[in-house]
Amino acid sequence: MATVKQLEAGELPVSKIFSADFDFEIPDYQRPYAWQVDQAAQLLDDLEDALDGMDDEPYFLGSIVLVKTKGIARSEVIDGQQRLTTLTILLALLRDLAEDLDLQSELRDLVREPGSKISGTKPKPRLTLRKRDAQFFRDYVQQPGRTTDLVGLEPEVLKTDAMRAILANTKALRTRLIDWPEARREELAAMLGSRTYLVVVSTPDLASAHRIFSVMNSRGLDLSPADIFKANVIGSIEDDQRALYAEKWENEEEELGRDSFADLFLHLRMIAAKVRGRRELLQEFPAQVLNAFLPDRAEVFVDEVLLPYADAYADLLGEKYANGPGSDLVNTWLQRLHQIDNNDWRPPALWILRQHGQDAALVAALLQRLERLAASMLIRRVYATPRVSRYAELLKELDIQRRGLESPSFELSTEESAETISRLRGDLYLVQPVRRYVLLRLDELLARQPGVTYHHKMITVEHVLPQNLRPDSEWVALFDKDARAEWTHKLANLVLLNRAKNAEAQNFDFTVKKSKYFTGPNGVSAFALTTQVIDQPAWTPNTLEQRQRQLLALLTAEWKLVEA
C-alpha cells in the first residue's frame, strides 16, 4: 500500500505563512490563477464578517497542500494557489493604502522577502506564479506602490486570462478598501496577521501530495452536515417510527444524490432565515431551521419541510417539473437559469416550486421574473454578497405576498436597467461568464424556439472580425485601427460554433470564413445567430453597427430594459 512520506500538518497564521519559512512556487503544470471578482469579493466579505465578530476567535481560511521538505523553504503549491494569490493581492493593497510607515513596512515584508545581508538572503517574492504570469505579478502586485499602476491598465492589453483576473480582482478589492477608514484597514491587517489561519499540509513527495489533495477533495467519504442533521432529527423520533423516517430520509438522499442533497440544506437555511449565511452550516442550520422542530416535532420537519422541498429540488435540478399544461415553459425557464454562472437563484426558485407547484402558469411567470433579475446581475457582474442579499429580500417579499408577482426585488431600478444595457453594448467577449449566456439567449430569440437546446459536446464563442489580423488580410482594408478597437469584442461581432477553436481558420477572410469555418458538414450552421452572419454578403463597420442595434433591441425587449 502506498504511504504518505513525512506528512506534516498544522494551523499557521497568515503572518507565518508569508514568512521566510515558505517560498511558494506555482508549478507550470497547475492551472492559471482563475478566481473571479465574485470569489475575491467573497473572501473580503468573510474577513470583514470575522473582523466585525464579537469575539477574537481564530478565523480559518481553509487549507493548502504543499510539496515541501522539512527545514527547506521551497514549497510547490499543489492546492491553494487561488487563495494564496488573492491573499497576496489583498496584503499588497493594504500595504499601498497604508498611511502608517511601520505598517507599510510590515505588509511589504509579508508580500516580499526583504532579504538579509547577515544571513546572505536576497529580496524576493513570497509567492511565484506560473512562468507566463510571474513577472506581471511581481511588477504590479508584489512591487511596493504598483497596485495603483495596475488598476489603471486596460484588460485588453493583457496577454493572459490570469493577468486579467489579477487586474479585475485588484480593482474590485481596492474599490472597497479605499472607502474604509484607515483605522479599519489597520484592524484588518492586524486580524490577518494575528488570528487568520490556514491549515498547511505538506510532504516532500509529489505523489503523496497528490494523494492528500485527492483525499481532502473527495466527496461522499467524510461526514457531511446533512449526516449530522440526520442523526439529530432521526434520533429525536420515537423508536417505533425511527426506521420509517430514516428510510424516508435516505430515499430522498439517494434520489437527489449525496452532493445535491447536501446543497439542499444550504438552500433550506436561506429560505428559512432569508439572510446571507455568515457562519458554517453546522452552526446556522440548527439555530435557524432545526431548533423550531426539535426535539418533539422532528416528524414534521421531515414530512413538511425536507420531503416536499427535496421533491421540488429534484424537479429544479432535472428540469422535470410536470403539472399539466404549461409545464414545458416552467422547465424552459429552469433551463435558462441553469446557464447562469452561480447557484444563488436556487433558493427563490425552490420556494416558488414548493409553494406554487400546482399552478404552472404562476410558476412560469415567477421564474421569468427571476431569470430577468438573475441575467441582469450576471451581466452587471454583481458579486456574491449583494446578489445573495437581493435574493434574501426577494424571499421575504415572496413569503408576504400571496402570488409574489409584484415583489419589488424582482424589479430593476432605472440605474440597474441602464447599466445592464451599457454592459451589453461594451466589449462582451472579454467577460467570459456573460458572453455565452447572452449569446445563447439571443440565439433562442432569433430561432423563435423557446428553450431551444443543443446537445453538442462543445459550444464556443467566436469572432467574425478576427482578434489578430494578417498584414495581407482584407480585414485590414475594411477596418482601420479605431474600427477594430471599437468592434472586435462587441456583441455584433460574436457567433456560436459547435467545434473547438481553430487558430488558423479564425483569421480567414470573411467569404472563406463563412464557407469553411461557420458552416457544418451540410453547409448550414447549428445556430440561428451564426446563420444570420452566413447570410450577410459582407462584414463591415456599417454591418456591425446595424447588427448591434438589432441584437440589443431583441435583448432589451426580452428583458424589458430601459435607458436612464
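I will try to describe carefully the structure that is included in this document.

Parameters at a glance
- Residues numbered from 1 in each chain as written.
- Predicted model: local features only at pLDDT ≥ 70, side-chain atom pairs only at ≥ 80, totals over all residues.
- Heavy atoms only, no water.
- Core = buried A, V, L, I, M, F, W, Y, C linked by side-chain atoms within 4.5 Å.
- Buried < 20%, exposed > 50% of the residue type's maximum accessible area, 1.4 Å probe, protein only.
- Helix = DSSP H or I, 4+ residues; strand = E, 2+ residues; numbered from the N terminus.
- Contact = heavy atoms within 4.5 Å.
- Salt bridge = Lys/Arg side-chain N within 4 Å of Asp/Glu carboxyl O.
- Axes fitted to C-alpha atoms, helices over the stretch in contact; angles between N-to-C directions.
- Parallel < 35°, antiparallel > 145°, perpendicular 65-115°, else oblique.
- Left-handed = near helix turned anticlockwise from the far one by under 90°.
- Nonpolar A, V, L, I, M, F, W, Y, C, P; charged D, E, K, R; others polar.
- Pairing = 2+ DSSP bridges.

What follows covers the nonpolar core. Counting residues in each nonpolar core, the largest one holds 91 residues, and the members touching the most others are Trp249, Leu264, Phe265, Phe301 and Leu367. Ranked by residues supplied to this core, first place goes to helix H17 (residues 360–380) with 14 residues. Discounting chain neighbours no more than four positions away, the residues touching Phe301 are Val233, Trp249, Phe265, Phe285, Val289, Leu290, Phe293 and Leu306. Membership of the second largest hydrophobic core comes to 57 residues, among which are Tyr59, Leu87, Val141 and Leu173.

We now examine the pattern of salt bridges. Applying the stated criterion across every chain, the model contains 39 salt bridges. Here Arg425 and Glu563 are joined by a salt bridge, their closest N and O atoms 2.6 Å apart. Separated by 138 residues along the polypeptide, Arg425 in helix H19 (residues 414–425) and Glu563 in the segment after helix H25 (541–558) bring together distant segments of the chain. Here Arg425 falls in the partly exposed class, since its relative accessible area comes to 40%. In this structure Glu563 comes out as partly exposed when scored by relative accessible area, which is 43%. As a salt-bridge pair, Arg470 and Asp472 come within 3.4 Å of each other at their nearest N and O atoms. Look at Arg470 and you get partly exposed, because its relative accessible area is 34%. Relative accessible area serves as the criterion here: at 63%, Asp472 is assigned to the exposed category. The network of salt bridges with shared partners includes Asp45, Glu48, Asp52, Arg176 and Arg184.

Closest axis-to-axis distance for the H17/helix H20 (residues 432–447) pair is 9 Å, and the angle between their directions is 140 degrees. It follows from the interaxial angle that H17 and H20 lie oblique. In this structure, the crossing between H17 and H20 has a hand that is left-handed. For the pair formed by H17 and H20, the contact residues are Glu371, Ala375, Leu378 and Ile379 on the first element and Pro433, Val434, Tyr437, Val438 and Arg441 on the second. Tallied by class, residues from the contact of H17 with H20 come to seven nonpolar, no polar and two charged.

Summarising burial for helix H16 (residues 346–356): nine of the 11 residues are buried, a large majority. Every buried residue of H16 is accounted for by Arg346, Pro347, Pro348, Ala349, Leu350, Trp351, Ile352, Leu353 and His356.

The strands that make up a sheet pair up through hydrogen bonds in the backbone, lying either parallel or antiparallel. An order of E1-E8-E3-E4-E2-E7 is seen for the six strands of this open sheet, with the pairing classed as mixed. Every other strand in the sheet has two partners, leaving strand E1 (8–13) and strand E7 (127–128) as the edge strands with one partner each. Lying on the sheet, helix H2 (residues 37–51) is in contact with strand E3 (59–68) and strand E8 (196–203); it crosses E3 at an angle near 125 degrees.

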